[in-house]
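# An overview of the molecular structure
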Amino acid sequence: MDTKSLFSEFPEVSAKQWKQKIQFDLKGADYNETLLWETLEGIHIKPFYHAEDLEAIPTFPLPPNHSWQIGQSIYVANEVSANKKALDVLSRGATSLVFVVAKTKISWKSLFKGIALSSTPIYLKFEFLDPIPVTNLMNYVGTEPCGIFLNIDLIGHLAATGNWYHHKDKDYQYWNEILTICQKNRGISVSGIGISLYQNSGATIVQQLAYALAQANEYLNSMAEQGAVEIKANPLMVFNVAIGSNYFFEIAKLKALRWLWKSLVVEYGIDSDCHIVAHPTKRNKTIYDYNVNMLRTTSECMAAVLGGANMVHNIPYDSLYHKDNEFGERISRNQLLLLKEESYFNEALHAAEGTYYIEALTKQLAEKALELFKQIEASGGFLKQLEQGTIQKKIKESAAKEQGKFDTAELVLVGTNAYQNPQDKMKADLELYPFLKREKRKTGIAPILEKRLAETLEQKRLQDEH
């Protein structure tokens, strides 16, 4: 159909004409005060967007063959049990696996038995740093084609715990050894950037993007400075991203992340796509009226897909207060299956490209994040600011502003700070402690602490239960 001829009888309307019409309809009210609003990121949102907003904006569309995987997280305490669960979830719709590895002595043969490594992306999250298990992994897979992501994030571990795995020099020594080991198989990616820590702690989207870029730059700098590893042999990093409830902003966040990554790696002479693993945030999840968590995770997974995530793994609606259970995990996996197979999100994943509002948001988020990134680099880099406590201070300030919006019900979580069900009782149903745990231990720096918005309110409600 020739859409041009179909609409040729209608004159084009410029952005200026639209604004004049809106101002006329406001009958004297101030346009800026009435219809513009400012986000926590300092972005002014307009009441409408126009094709003119996209003029001279570079875009980074997803590859035509881009697709997204349905992930499932599995804790590995016993390889045989973890393998059994992995094979089960693969047969029930999962297409990718996230193994949380808790021990250094592990039988990769037992863990991967029956799993087609050539077609099943495997993401490993080690709770330790040791090159020996990675050496054993390399001996097991050899040079066979595979897609294994180690997600080793030294700085992220420091930020979350306040300590290095061992100490700074030894951590980087081990990391470099692992980089060298993994050059034998280009299907294995070593490094990961845990942006989810910043989102779950209350950082703004601009901060999340800037910190991710600055953290990645620390690793790229380290690779470039030491001669044992050719930087182009290990160009791929996995960004682990938590998706919040601001739907269009979260789509734009992932698009901006790809933009920023492309802008960074070109400075190192690397041609590398941004690999994104996304999952719903914990910050807006609640223990009261917990079924609403399903609605929250569904919209967050939708945003992850439309933003261009390579893999999405959901969190069960009851994960805050229940131990791992078959029902919660099945529901969380089925949410993704419904999106992919029945809502056609596998075909619609390019839908956000070219949309005026999202592309304009992407540009603004990327520009503000790049500006903050440059400030961080001018002040000595991300690691230095982390060690000085600057990053922690900035996140606390942003978190306090967001918490204030929640406390005054400007930011609403249904069933928690609005429309509470007085008959909702949770005290007897808590299998896990759902609040921030403050452990008394010695740390090298102040850790960045994840905290949900509803924690204080929920604790009071639990105390008031009869």
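Read on for a plain summary of the structure. (Residues numbered from 1 in each chain as written. Predicted model: local features only at pLDDT ≥ 70, side-chain atom pairs only at ≥ 80, totals over all residues. Heavy atoms only, no water.)

A word on the overall build of the protein. Within the protein, the secondary structure is distributed over 17 helices and ten strands. Against the 2.2 N^0.38 benchmark of 23 Å for 466 residues, the protein shows a C-alpha radius of gyration of 23 Å, consistent with a compact globule. Counting only C-alpha atoms and orienting by the principal axes, one finds that the protein spans roughly 70 × 65 × 50 Å. The buried share of the protein, reckoned over its 466 residues, is 51%. Long-range contacts, defined here as pairs at least 24 residues apart, represent 78% of the contacts in the protein between residues at least 6 apart. Computed over 51 positive and 55 negative side-chain charges, the separation of the two mean positions in the protein equals 5 Å. (Helix = DSSP H or I, 4+ residues; strand = E, 2+ residues; numbered from the N terminus. Rg over C-alpha atoms; globule rule 2.2 N^0.38 Å. Buried < 20%, exposed > 50% of the residue type's maximum accessible area, 1.4 Å probe, protein only. Contact = heavy atoms within 4.5 Å. Lys, Arg positive; Asp, Glu negative; His and termini not counted. Charge placed at Lys NZ, Arg CZ, Asp CG, Glu CD.)

Take empty space enclosed by the protein next. A complete count under the given rule lists two cavities of 30 Å³ or more for this structure. Here the largest cavity defines a volume of roughly 70 Å³. Those elements that place two or more of their residues in the lining of the largest cavity are helix H11 (247–265) and helix H12 (292–307). When the residues that make up the lining of the largest cavity are grouped by side-chain class, the tally is six nonpolar, two polar and three charged. As a volume, the second largest cavity reaches approximately 40 Å³. (1 Å grid on protein atoms, 1.4 Å probe; cavity = no way out; pocket = protein on both sides within 12 Å on 5 of 7 lines; lining within 4 Å. Points joined across faces, edges and corners; volume = space filled by probe spheres on them. Nonpolar A, V, L, I, M, F, W, Y, C, P; charged D, E, K, R; others polar.)

This part is about the packing of H11 against helix H14 (residues 356–378). Across the interface, H11 lies against H14 with an axial gap of 8 Å and an inter-helix angle of 50°. In this view, H11 runs oblique relative to H14, as classed from their interaxial angle. For the crossing formed where H11 meets H14, the hand is right-handed. Every residue of H14 that contacts H11 at Phe 248, Phe 249, Ile 251, Ala 252, Lys 253, Lys 255, Ala 256, Trp 259, Leu 260 and Leu 264 is listed here: Tyr 357, Ile 358, Glu 359, Leu 361, Thr 362, Lys 363, Leu 365, Ala 366, Ala 369, Leu 370 and Phe 373. The residue makeup of the contact of H11 with H14, split by class, is 16 nonpolar, one polar and four charged. (Axes fitted to C-alpha atoms, helices over the stretch in contact; angles between N-to-C directions. Parallel < 35°, antiparallel > 145°, perpendicular 65-115°, else oblique. Left-handed = near helix turned anticlockwise from the far one by under 90°.)

This next bit is on a nonpolar patch on the surface. A cluster of nonpolar residues, Val 412, Val 414 and Tyr 419, forms a patch on the protein surface that exposes about 320 Å² of accessible area. Here Val 412 shows up in the loop between helix H16 (390–407) and helix H17 (455–464). (Patch = residues over 30% accessible without salt bridge, like charges linked within 9 Å, V, L, I, M, F, W, Y side chains within 5 Å. Areas by Shrake-Rupley, 256 points an atom, 1.4 Å probe, with all protein chains shown as cover. Salt bridge = Lys/Arg side-chain N within 4 Å of Asp/Glu carboxyl O.)

In this structure, Phe 99, Leu 124, Leu 150, Tyr 198 and Phe 239 are the most contacted members of the largest nonpolar core, which totals 114 residues. When residues of this core are assigned to their parent elements, the largest contribution, twelve residues, is made by helix H10 (residues 205–225). (Core = buried A, V, L, I, M, F, W, Y, C linked by side-chain atoms within 4.5 Å.)

Before going further, it helps to spend a moment on the packing of aromatic side chains. A full pass over the atoms with the stated rule returns 20 aromatic pairs. With a centroid separation of 4.6 Å and an interplanar angle of 10°, the aromatic rings of Tyr 123 and Phe 149 are classed as stacked. Residue Tyr 123 is found in strand S5 (residues 122–126), and its partner Phe 149 is found in strand S6 (residues 148–152); the two are separated by 26 residues along the sequence. Here the two residues Tyr 123 and Phe 149 agree in accessibility, since each one is buried. Three or more aromatic residues joined by ring pairs make a cluster, and in this case those are Phe 99, Trp 108, Phe 112, Phe 126, Phe 128 and Tyr 140. The ring of Trp 68 carries the charged tip of Lys 340 above its face, separated from the ring centre by 4.9 Å. (Phe/Tyr/Trp six-rings, centres within 6.5 Å; stacked < 30°, edge-to-face > 60°. Lys NZ or Arg CZ within 6 Å of the ring centre and 35° of its normal.)

Here we take up the side chain of His 275. Looking at the secondary structure, you find His 275 in strand S9 (residues 275–280). In this structure His 275 comes out as buried when scored by relative accessible area, which is 13%. Within the structure, the side chain of His 275 is placed 2.8 Å from the side chain of Tyr 123, a separation counted as a polar contact. Here His 275 is in contact with Tyr 123, Phe 149, Leu 236, Met 237, Val 238, Phe 239 and Asn 310, once residues within four sequence places are set aside. (Polar contact = N/O pair within 3.5 Å; in protein donor to acceptor, adjacent residues only side chain to side chain.)

Let us look at the sheet that holds S6. An order of S3-S4-S5-S6-S7-S8-S9-S10 is seen for the eight strands of this closed barrel, with the pairing classed as parallel. Going from strand to strand, the sheet's axes swing by 30° on average, the running direction of each strand aside. For strand S3 (residues 69–76) and strand S10 (residues 311–313), the ladder comprises three bridges, and the chain directions are parallel. Bridging across to S10, Ile 70 finds its partner in Val 312. (Pairing = 2+ DSSP bridges.)

Moving on, we get to the pattern of salt bridges. Evaluation of the coordinates by the stated rule reveals 18 salt bridges. Here Asp 271 ties to Lys 262 by a salt bridge, and the two come within 3.4 Å at their closest N and O atoms. Its relative accessible area of 26% is what places Lys 262 among the partly exposed residues. A network of salt bridges, in which partner residues are shared, links Asp 88, Arg 92, Glu 326 and Arg 330.

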